[in-house]
Amino acid sequence: MAQAKSDIQHAGHQEGSPGILVFAILAVTVFIGFYYHIVALQGMEQLTGGMAMLDHRMSGFEVADVERLAERMDDDAMGQYNGVHITAGRLFPALMALGLIAVALWTLKTTWARWGAIIVAVGYAGLEIWATIAREQALRDVTQAKVALASSLTIAQWLLLILIIIWIVVMLVLKFVARNSTGLATSLDAEREIGGTYR
């Protein structure tokens with residue numbers, strides 16, 4: 001019994017180490033996401049008279065929307081907007097992609113599923129960075145083509161982010177359900193082997 005208990009505990013510690021790393025990455029990602037979207041981008045609204053930034057218009061925007069926002073953003077505001085994008089705006093999608101990859105490698109068993117997650121993660125990071133660049137270009141030079149591109153990328157970026165979050169949650173839930181089921185089966189097998197019958 002002592003040896004079986006030791007083996008189970010050892011296996012748990014081995015599995016727990018990557019789990020701790022995965023949750024650490026997710027925790028940092030949530031923190032950076034909070035800073036980027038809530039603190040930095042919403043803080044920009046003080047420079048625009050309360051108008052929301054293009055980044056938060058999940059349903060897209062029109063030329064008139066961009067023109068109104070551009071009128072309220074001087075060079076200093078645009079410089080600050082660019083600064084937010086090249087710091088937290090680069091770090092957040094990179095961490096989000098890393099989080100998806102870490103969860104996928106920890107929970108998924110098949111190689112093709114893991115590679116699929118890696119491709120989606122890299123694609124999301126590239127899409128988000130492209131979208132931030134497109135929004136800045138649309139504000140600096142308001143044309144129908146640039147606004148349409150920035151709006152489409154913003155919608156796609158948010159849809160993909162929502163899907164990734166749902167995917168991560170599902171993978172984690174399935175991971176813990178499977179682990180708890182395995183733990184219960186191991187416990188029952190040990191009791192049957194020792195006592196002959198389940199208690």
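This section reports on the structure supplied with the text. (Residues numbered from 1 in each chain as written. Predicted model: local features only at pLDDT ≥ 70, side-chain atom pairs only at ≥ 80, totals over all residues. Heavy atoms only, no water.)

### So, helix H3 (residues 75-86)
No. 1: Given a rise of 1.5 Å per residue, 12 residues ought to cover 16 Å, and the 16 Å separating the end C-alpha atoms of H3 matches this to within 8%.
No. 2: Buried within H3 we find Ala77, Met78, Tyr81, Val84 and His85. The buried residues of H3 occupy one face: seen down the axis, they fall within an arc of 120°. Exposed side chains of H3 directed beyond 90 degrees from the buried face belong to Asp75 and Asp76. (Helix = DSSP H or I, 4+ residues; strand = E, 2+ residues; numbered from the N terminus. Expected span 1.5 Å × (residues − 1). Buried < 20%, exposed > 50% of the residue type's maximum accessible area, 1.4 Å probe, protein only. Arc of directions from axis to C-beta.)

### Overview of the packing of helix H4 (residues 88-107) against helix H5 (residues 111-140)
No. 1: Two elements in contact, H4 and H5, have axes whose closest approach is 9 Å; the angle formed by their N-to-C orientations is 170°. In terms of orientation, H4 lies roughly antiparallel with respect to H5. On the side of H4, the interface is formed by Arg90, Phe92, Pro93, Met96, Ala97, Leu100, Ile101, Ala104 and Leu105, while H5 contributes Arg114, Ala117, Ile118, Val120, Ala121, Tyr124, Ala125, Glu128, Ile129, Thr132 and Ile133.
No. 2: In terms of residue class, the contact of H4 with H5 is built from 16 nonpolar, one polar and three charged. (Axes fitted to C-alpha atoms, helices over the stretch in contact; angles between N-to-C directions. Parallel < 35°, antiparallel > 145°, perpendicular 65-115°, else oblique. Contact = heavy atoms within 4.5 Å. Nonpolar A, V, L, I, M, F, W, Y, C, P; charged D, E, K, R; others polar.)

### Structural notes on the environment of leucine 95
No. 1: As for its position among the elements, leucine 95 is in helix H4.
No. 2: Considered as a pair, leucine 95 and alanine 121 are 26 residues apart in the sequence and their alpha carbons are 9.6 Å apart.
No. 3: Excluding anything up to four places from it in sequence, leucine 95 contacts Ile25, Val28, Thr29 and Ile32.

### Description of the side chain of glutamate 128
No. 1: When you line up the elements, glutamate 128 lands in helix H5.
No. 2: For glutamate 128, which is buried and forms no salt bridge, the nearest opposite charge comes from arginine 135, at a distance of 5.2 Å.
No. 3: Among all residues touching glutamate 128, those that are not within four sequence positions of it are Tyr36, Phe92, Pro93 and Gln157. (Lys, Arg positive; Asp, Glu negative; His and termini not counted. Salt bridge = Lys/Arg side-chain N within 4 Å of Asp/Glu carboxyl O.)

### Description of a nonpolar patch on the surface
No. 1: A cluster of nonpolar side chains, Met58, Ile162, Leu163, Ile166, Val170 and Leu174, forms an exposed patch at the surface whose accessible area comes to about 550 Å².
No. 2: Relative to the helices and strands, methionine 58 is located in the loop between helix H1 (2-43) and helix H2 (63-71).
No. 3: A relative accessible area of 43% means that methionine 58 is categorised as partly exposed. (Patch = residues over 30% accessible without salt bridge, like charges linked within 9 Å, V, L, I, M, F, W, Y side chains within 5 Å. Areas by Shrake-Rupley, 256 points an atom, 1.4 Å probe, with all protein chains shown as cover.)

### Re the packing of aromatic side chains
No. 1: With the rule as written, the count across this model stands at four aromatic pairs.
No. 2: Summarising the aromatic geometry, the rings of phenylalanine 23 and phenylalanine 176 are spaced 6.1 Å apart at their centres and angled 35° between planes, so their arrangement reads as tilted. A residue pair is termed long-range when its members are at least 10 positions apart, and phenylalanine 23 in helix H1 and phenylalanine 176 in helix H6 (residues 144-195) qualify at 153 residues.
No. 3: The class of phenylalanine 23 is partly exposed, set by a relative accessible area of 35%.
No. 4: Residues tryptophan 106 and phenylalanine 176 carry aromatic rings whose centres are separated by 6.1 Å and whose planes lie at 75° to one another, so their mutual orientation is edge-to-face. Here tryptophan 106 is found in helix H4, whereas its partner phenylalanine 176 is found in helix H6, with 70 residues between them in sequence.
No. 5: Classification of tryptophan 106 by relative accessible area gives buried; the value is 10%.
No. 6: Ring pairs connect the aromatic residues Phe23, Trp106 and Phe176, which therefore count as one cluster. (Phe/Tyr/Trp six-rings, centres within 6.5 Å; stacked < 30°, edge-to-face > 60°.)

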